Amino acid sequence: MTPDAVTMDKIVSLCKRRGFIFQSSEIYGGLASTYDYGHYGVLLKSNVKSEWWRSNVQQRDDMVALDAAILMHPRTWEASGHLEGFTDPLVQCLGECKRRWRADHLREAQPEGELKCPVCGGELSEPRNFNLMFETHMGPVQDEGSRIYLRPETAQGIFVNFKNVMQFARKKPPFGIAQVGKSFRNEITPGNFIFRTREFEQMEIEFFVAPATAGEWHGRWMEDRMRWYTDLGLRADHLQLREHGPEELSHYSSATSDIEYLFPMGWSELEGIANRGDFDLSQHAEYSREKMDFVDPGTGERYVPHVIEPSAGADRGTLAFMVDAYDEEQVEGRERVVLRFHPRLAPVKVAVLPLVNKDGQPELAREVYEDLRARMSAEFDTGGSIGKRYRRQDEIGTPWGVTVDHQTMEDRTVTLRDRDTLDQTRIAIGEVGDELQRRLAAPWRSPKLD
Ligand code: GAP
């Protein structure tokens, strides 16, 4: 196995250098912990989300999709408990630096004695419960009655639509509703690049089941979700399931396990898989006076479904896939930085490169490129030496390169280069598309394991 060379600084700098992700509002000095995705970042995150849709909706019979609004009726947040309980314990340094911290995070680093400011050693204020929801106002008048919130989780959009969806989709438990969308939290201590930000995307499933089967479904979802990450190339020894202790459980959860990934700053949450019981549907039934129960047509049994919730972060997932893919090696005396993405996640699948920029090669290469881009994300690059172009493609994780050279002009074969093995094989132009599609569909294993 290649020793891990990755650090968060290297990821941040590669993201900026290649235009994956950069500071938001940079021309005004940037907005703290807020990031914009450039071309390759958009393609990568969109591939992460597509793989999530593919595995959780397209390949299942028991799941339907939803796209609920970000702005919701304010009663939603009373019913869900977020107005009352979605808080973090905020402490402020009373010494020199006056910084703000999360008391629970400080306690992990300082298990004994009185908490101190980790920067200047100053005393800290008493913890105050700080609500993480962003407030705004709907309409022209800014008063108590117009106050609404940016959703802090996509989940509630699913719960309030439970009855609607069940009827339209003609589903009955066990079935799930899947949604991807933006959520907002006024985090006290965002950080670690896109790991914890105030605006982020979630990929959430609420899976509705008969109460007696909730424990079994919780176990099944933990297995399924772990497999999703390893199938997409994350190394299994960099993933773990960690069960929450009673003091850590959210207000709605009777059991939660986190899928954690070994990020450069240590093991940290990638996805939470909670057993929410009937908390949400019962609360919404009480606050809206709409019935949320289900009557089994077979047995006549009436119950409020229990919910298993696999809740993943699209940005956090994207970061984990980048960290896991990052590699450095020496090739012919030069350092090569390469992102060894699973080919299905790679922003660009194939780069088509004429060896020289003359003798009809660029024109033929362009034809090859146009054929390929009808089937997959492809790039055509004529700029700079071939070595430089390969290095550029390696850094964005392009799994295959197709080189058009003088031999192509004679026999219509091209060189197909593999990002990981660096093998170069000759193949007829007419076969390249099928060959790459076959490789895209094949199982894949991270070469960092070898
Ligand atoms: N509906 C349940 C829920 O929201 P959560 O554990 O608070 O549970 C689920 O969030 C996932 O959303 C996390 O595992 C993480 O991947 C992502 N997430 C949460 N807060 C985030 C933040 N501030 N920045 C980026 N991703 C975040």
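In the block above lies the structure referred to throughout.
Remember, predicted model here, so these are calculated numbers, not experimental data.

Calculation criteria
Residues numbered from 1 in each chain as written. Predicted model: local features only at pLDDT ≥ 70, side-chain atom pairs only at ≥ 80, totals over all residues. Heavy atoms only, no water. Helix = DSSP H or I, 4+ residues; strand = E, 2+ residues; numbered from the N terminus. Lys, Arg positive; Asp, Glu negative; His and termini not counted. Charge placed at Lys NZ, Arg CZ, Asp CG, Glu CD. Buried < 20%, exposed > 50% of the residue type's maximum accessible area, 1.4 Å probe, protein only. Polar contact = N/O pair within 3.5 Å; in protein donor to acceptor, adjacent residues only side chain to side chain. Pairing = 2+ DSSP bridges. Axes fitted to C-alpha atoms, helices over the stretch in contact; angles between N-to-C directions. Contact = heavy atoms within 4.5 Å. Near = heavy atom within 4 Å. Areas by Shrake-Rupley, 256 points an atom, 1.4 Å probe, with all protein chains shown as cover. Parallel < 35°, antiparallel > 145°, perpendicular 65-115°, else oblique. Nonpolar A, V, L, I, M, F, W, Y, C, P; charged D, E, K, R; others polar. Expected span 1.5 Å × (residues − 1). Arc of directions from axis to C-beta. Core = buried A, V, L, I, M, F, W, Y, C linked by side-chain atoms within 4.5 Å.

(A) Focus on the overall build of the protein chain. Scanning the protein chain from N- to C-terminus turns up 14 helices and 23 strands. For the protein chain, the spread of C-alpha atoms along the three principal axes comes to 75 × 65 × 50 Å. The centroid of the 57 positive side-chain charges in the protein chain is displaced by 3 Å from the centroid of its 73 negative side-chain charges.

(B) Structural detail: the environment of Arg235. Take Arg235: it is sitting in the loop between helix H8 (214-231) and strand E11 (239-243). The exposure class of Arg235 is buried, given its relative accessible area of 1%. Each C-alpha atom, one on Arg235 and one on Arg445, is 8.5 Å from the other, the two residues being 210 residues apart in sequence. A polar contact of 3.1 Å, which involves the side chain of Arg235, links it to the side chain of Asp324.

(C) Here's a closer look at the sheet that holds strand E10 (residues 199-209). With mixed pairing, the seven strands of this open sheet are ordered in space as E3-E9-E10-E16-E13-E12-E11. Of all strands in the sheet, those with a lone pairing partner are strand E3 (63-65) and E11, marking the two edges. Between one strand and the next, the sheet's axes are offset by a mean angle of 25°, whatever the strand orientation. Where strand E13 (residues 266-277) meets strand E16 (residues 306-313), six bridges bridge the pair, whose relative direction is antiparallel. In the sheet register, Asn275 faces E16, and the bridge partner there is Ile308. On the sheet, H8 packs against E3, E10, E11, strand E12 (255-263), E13 and E16 and is oriented at approximately 150° with respect to E13.

(D) Broad picture of the site of the ligand. As a matter of local geometry, the ligand sits amid 21 residues, with Glu153, Arg185, Thr197, Glu204 and Glu269 nearest to it. A distance of 2.8 Å is found between an oxygen atom of the ligand and a side-chain nitrogen or oxygen belonging to Arg185. Separating a nitrogen atom of the ligand from a side-chain N or O atom of Arg276 is a distance of 3.5 Å. Coverage of the ligand by the protein chains reaches 91% of its 560 Å² of free accessible surface.

(E) Spatial organisation of the packing of helix H1 (residues 8-17) against helix H10 (residues 314-325). Packing of H1 against H10 leaves a shortest axis separation of 11 Å and a crossing angle of 105°. Relative to H10, the element H1 lies roughly perpendicular. Residues Met8, Ile11 and Cys15 of H1 lie in contact with H10, whose contacting residues are Leu319, Met322 and Val323. Of the residues that constitute the contact of H1 with H10, the class distribution is six nonpolar, no polar and no charged.

(F) Quick look at helix H11 (residues 361-373). Over its 13 residues, H11 extends 18 Å from the first C-alpha to the last, a length consistent with the 18 Å expected when each residue adds 1.5 Å. Listed in full, the buried residues belonging to H11 are Gln361, Pro362, Leu364, Ala365, Val368, Tyr369 and Leu372. Axial view of H11: buried residues confined to an arc of 160°, hence all on one face. Away from the buried face of H11 by more than 90 degrees, exposed residues Glu363 and Asp371 are located. Taken together, the buried residues of H11 touch strand E19 (350-354), strand E20 (378-380), strand E21 (400-404), helix H13 (406-411) and helix H14 (429-441).

(G) Quick peek at the side chain of Asn161. Turning to its location among the elements, Asn161 is positioned in the loop between helix H6 (155-159) and helix H7 (162-169). The class of Asn161 is buried, set by a relative accessible area of 19%. If we ignore the near neighbours within four places in the chain, the residues touching Asn161 are Leu66 and Ala68.

(H) The arrangement of the pairing of strand E22 (residues 413-418) in detail. Counting buried positions over the six residues of E22 gives six, a clear majority of the element. Because side chains alternate across E22, one face comprises the buried residues Thr413, Thr415 and Arg417, and the other comprises Val414, Leu416 and Asp418, equally buried. Bridge count for E21 against E22 is four bridges, and the pairing is antiparallel. What sits directly across from Val402, in E22, is Leu416. Relative to strand E23 (residues 424-428), E22 runs antiparallel, the two being bridged by five bridges. Considered in E23, the bridge of Val414 is made with Ile427. What sits between E22 and E23 in their antiparallel hairpin is a turn of five residues, with Leu422 showing a positive phi close to 65°.

(I) Fine view of the nonpolar core. Grouped together as the largest cluster of nonpolar side chains are 54 residues, with contacts concentrated most on Ile11, Phe20, Tyr229, Leu270 and Leu319. Per-element tally for this core: the top contributor is H10, with seven residues. Residues contacting Tyr229, with those up to four places away along its chain left out, are Leu234, Leu239, Ile259, Leu270, Glu271, Ala312 and Phe321. Membership of the second largest hydrophobic core comes to 19 residues, among which are Val368, Tyr369, Met376 and Trp400.

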